[in-house]
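Summary of structural features
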Amino acid sequence: MIQQLEVHHFRKFSNLKLDFKNKTVIFTGQNAVGKTTLLEAIYLISTSKSHRTNDLSTLIQNNEDITIIQIQENKKYKMILTKEGKQSFINDISYPKLSDFIGGFPVVMFSPSDLELIQGSKSVRRRFLDLELSLIDKSYLRAIMGYKKLVKERNELLKIFTEEKKLVLDVITKQICEYISKIYNIRTRFLEKLNQKLEFVCKNLDCEKLKLSYIPTYDINHLEESFKSKLSYDLITKTTNIGLHRDDFKIELDTLEAKEFASEGQMRNAILAIKFALKEIYKEKGQNIILLLDDVFASIDQKRINHIMEYIKNEHQTFITTTSLFNIPDELLKEAQIIRL
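Residues numbered from 1 in each chain as written. Predicted model: local features only at pLDDT ≥ 70, side-chain atom pairs only at ≥ 80, totals over all residues. Heavy atoms only, no water.

1. Brief notes about helix H10 (residues 302–312)
Burial in H10 covers these residues: Arg-304, Ile-305, Ile-308, Met-309, Tyr-311 and Ile-312. Within H10, the buried residues cover an arc of 160° as seen down the axis, which keeps them to one side. In this structure, the buried residues of H10 make contact with helix H6 (166–205), helix H9 (264–284), strand S12 (290–294), strand S13 (317–322) and helix H11 (330–335). (Buried < 20%, exposed > 50% of the residue type's maximum accessible area, 1.4 Å probe, protein only. Helix = DSSP H or I, 4+ residues; strand = E, 2+ residues; numbered from the N terminus. Arc of directions from axis to C-beta. Contact = heavy atoms within 4.5 Å.)

Printed below as a string of structure tokens:
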């Protein structure tokens, strides 16, 4: 359980230290007072990423050179951001390797921006897979980084390709296929596990049936042939047009594709169910999960709110943001630590 959060020159906060004593913490206040920023700080320490931007230098407060975020959980986690990059520490010991630092205390976050998982491009869904699998399985992070390095090398070779370089291209392509075989299996097994957990979660949340299905850009049983059939097009475009970096998955709601048929309320419920299913996967691995729920009660009715509250009341620790406490059941309010911003 997180006991303390401290930030310096992080977005709008110059200096802020908060102590937490409860399993449920509610940040309340008007829009733009920094509620989401506090969840972002917790998410950043756990994953080394922001859910709002890919450029971490933008998190540094204007006219400052450095940002410090520190969390006291079972260990002390600290991250220092500068314009040049980031440094990570656990109990004041530096951890230069990302794979050694992330996931020390796993978090699962729901944010309104997560609707992009349904509405957005393929790259959003691939980023979701890569991030969650990297947190669950450290070997996945090393594998996907190795794969991306090879694809970059192949793309550079395609730009200057001559017949003399064909052997090198074939060797790189074969190595890429080996990575695909491994990572494809990890991704598809992960989605199968999510689907299993979604059956349980959707029943508890009283929401529509959800299913996630992987969409590859190649024939997994004939990988090298798939790349050969695309070689002419790759040479014309000077880029690798099939592979893990082009794959996708679809989200179906009662057998209909959510992107085409779901309402905004249904999309929010679907994303929340997916995040809770993720939490169940972590719990199955014996890990205590911290839930971060940003503006989770917007655009849903009181019945759904009650289902969510019932679902999370026994969780390890939950942080919630809301503009109003009106819709939160009194039972939860009595047990929660309420921080007004």
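2. Description of the packing of helix H4 (residues 122–136) against H9
Packing of H4 against H9 brings their axes to within 11 Å, and their N-to-C directions diverge by 20°. It follows that H4 is roughly parallel to H9 by the angle criterion. Two packed elements cross with a definite hand, and for H4 against H9 that hand is right-handed. Contacts between H4 and H9 involve Phe-128, Glu-132, Leu-135 and Ile-136 on the former and, on the latter, Ile-274, Lys-275, Leu-278, Ile-281 and Tyr-282. (Axes fitted to C-alpha atoms, helices over the stretch in contact; angles between N-to-C directions. Parallel < 35°, antiparallel > 145°, perpendicular 65-115°, else oblique. Left-handed = near helix turned anticlockwise from the far one by under 90°.)

3. Topic: the pattern of salt bridges
Inspection of the entire model under this criterion finds 15 salt bridges. Across the pair Asp-92 and Lys-76 runs a salt bridge whose closest N-O atoms are separated by 3.1 Å. Here Asp-92, found in the loop between strand S6 (85–90) and strand S7 (93–94), pairs with Lys-76, found in strand S5 (residues 76–82); they are 16 residues apart in sequence, far enough to count as distant. With relative accessibility at 47%, the residue Asp-92 sits in the partly exposed group. The partner of Asp-114 in a salt bridge is Lys-275, with the nearest N and O atoms 2.8 Å apart. Here Asp-114, found in the loop between strand S8 (107–110) and helix H3 (116–119), pairs with Lys-275, found in helix H9; they are 161 residues apart in sequence, far enough to count as distant. For Asp-114, a relative accessible area of 18% gives the class buried. (Salt bridge = Lys/Arg side-chain N within 4 Å of Asp/Glu carboxyl O.)

4. Observations concerning helix H7 (residues 223–237)
The end-to-end C-alpha distance of H7, which contains 15 residues, comes to 20 Å, matching closely the 21 Å that a straight helix rising 1.5 Å per residue would cover. Of all bends in H7, the biggest is about 50°, found at Leu-231. Buried within H7 are the following residues: Leu-223, Ser-226, Phe-227, Leu-231 and Asp-234. Where H7 is buried, its residues contact helix H5 (138–159) and H6. (Expected span 1.5 Å × (residues − 1). Bend = angle between axes of the 7 residues up to and from the residue.)

5. Focus on the sheet that holds strand S4 (residues 66–72)
Strand order in this open sheet of six strands is S2-S1-S4-S5-S6-S7, and the pairing throughout is antiparallel. Whereas interior strands pair on both sides, the edge strands pair on one side only; in this sheet they are strand S2 (13–19) and S7. Where strand S1 (residues 4–10) meets S4, five bridges bridge the pair, whose relative direction is antiparallel. Counterpart to Glu-6 in the pairing with S4 is Gln-70. (Pairing = 2+ DSSP bridges.)

6. Some words on the sheet that holds strand S14 (residues 337–340)
Pairing in this open sheet of five strands is parallel, and the strands run S8-S12-S13-S3-S14 from one edge to the other. Of all the strands in the sheet, the pair left with one neighbour each is S8 and S14. Within this sheet the neighbouring strands show an average axis-to-axis angle of 15°, counted without direction. Looking at chain direction, S12 and S13 are connected through five bridges and run parallel. Of the residues in S13, the one forming a bridge with Leu-291 is Thr-318.

7. What about the packing of H5 against H6?
It is at 9 Å that the axes of H5 and H6 come closest, and there the two elements cross at 150°. Viewed along their axes, H5 and H6 adopt a mutual orientation that is roughly antiparallel. Handedness of the crossing formed by H5 with H6: left-handed. Only Val-168, Leu-169, Ile-172, Thr-173, Gln-175, Ile-176, Tyr-179, Ile-180, Lys-182, Ile-183, Ile-186 and Arg-187 of H6 make contact with H5, whose side of the interface consists of Tyr-140, Ala-143, Ile-144, Gly-146, Tyr-147, Leu-150, Val-151, Glu-153, Arg-154, Leu-157 and Leu-158. Partitioned by chemical class, the residues of the contact of H5 with H6 number 16 nonpolar, three polar and four charged. (Nonpolar A, V, L, I, M, F, W, Y, C, P; charged D, E, K, R; others polar.)

8. Side note on unusual backbone geometry
At Asn-63, a position not held by glycine, the phi torsion is positive, near 70°. Looking at where Asn-63 falls in the secondary structure, it is placed in the loop between helix H1 (35–47) and S4. One non-glycine residue with positive phi stands out, namely Asn-91, at about 50°. Position of Asn-91 relative to the elements: it lies in the loop between S6 and S7. The exposure class assigned to Asn-91 is partly exposed, which follows from its relative accessible area of 42%.

9. Points about the pairing of S2
The two faces of the sheet receive side chains in turn, since in a regular strand these alternate between them. The sheet contact formed by S1 and S2 spans six bridges and is antiparallel. Paired with His-8 across the bridge in S2 is Asn-15. Counted along the chain from S1 to the antiparallel partner S2, the turn is two residues long, and its residue Arg-11 has a positive phi close to 50°.

10. A look at the nonpolar core
By size, the foremost hydrophobic cluster in this structure holds 112 residues, and its most contacted members are Phe-190, Phe-276, Ile-308 and Phe-319. Considering every element that reaches this core, the biggest residue donor is H6, with 15 residues. Other than its neighbours up to four places away in sequence, Phe-276 contacts Val-201, Leu-205, Leu-291, Leu-293, Ile-308, Tyr-311 and Ile-312. (Core = buried A, V, L, I, M, F, W, Y, C linked by side-chain atoms within 4.5 Å.)

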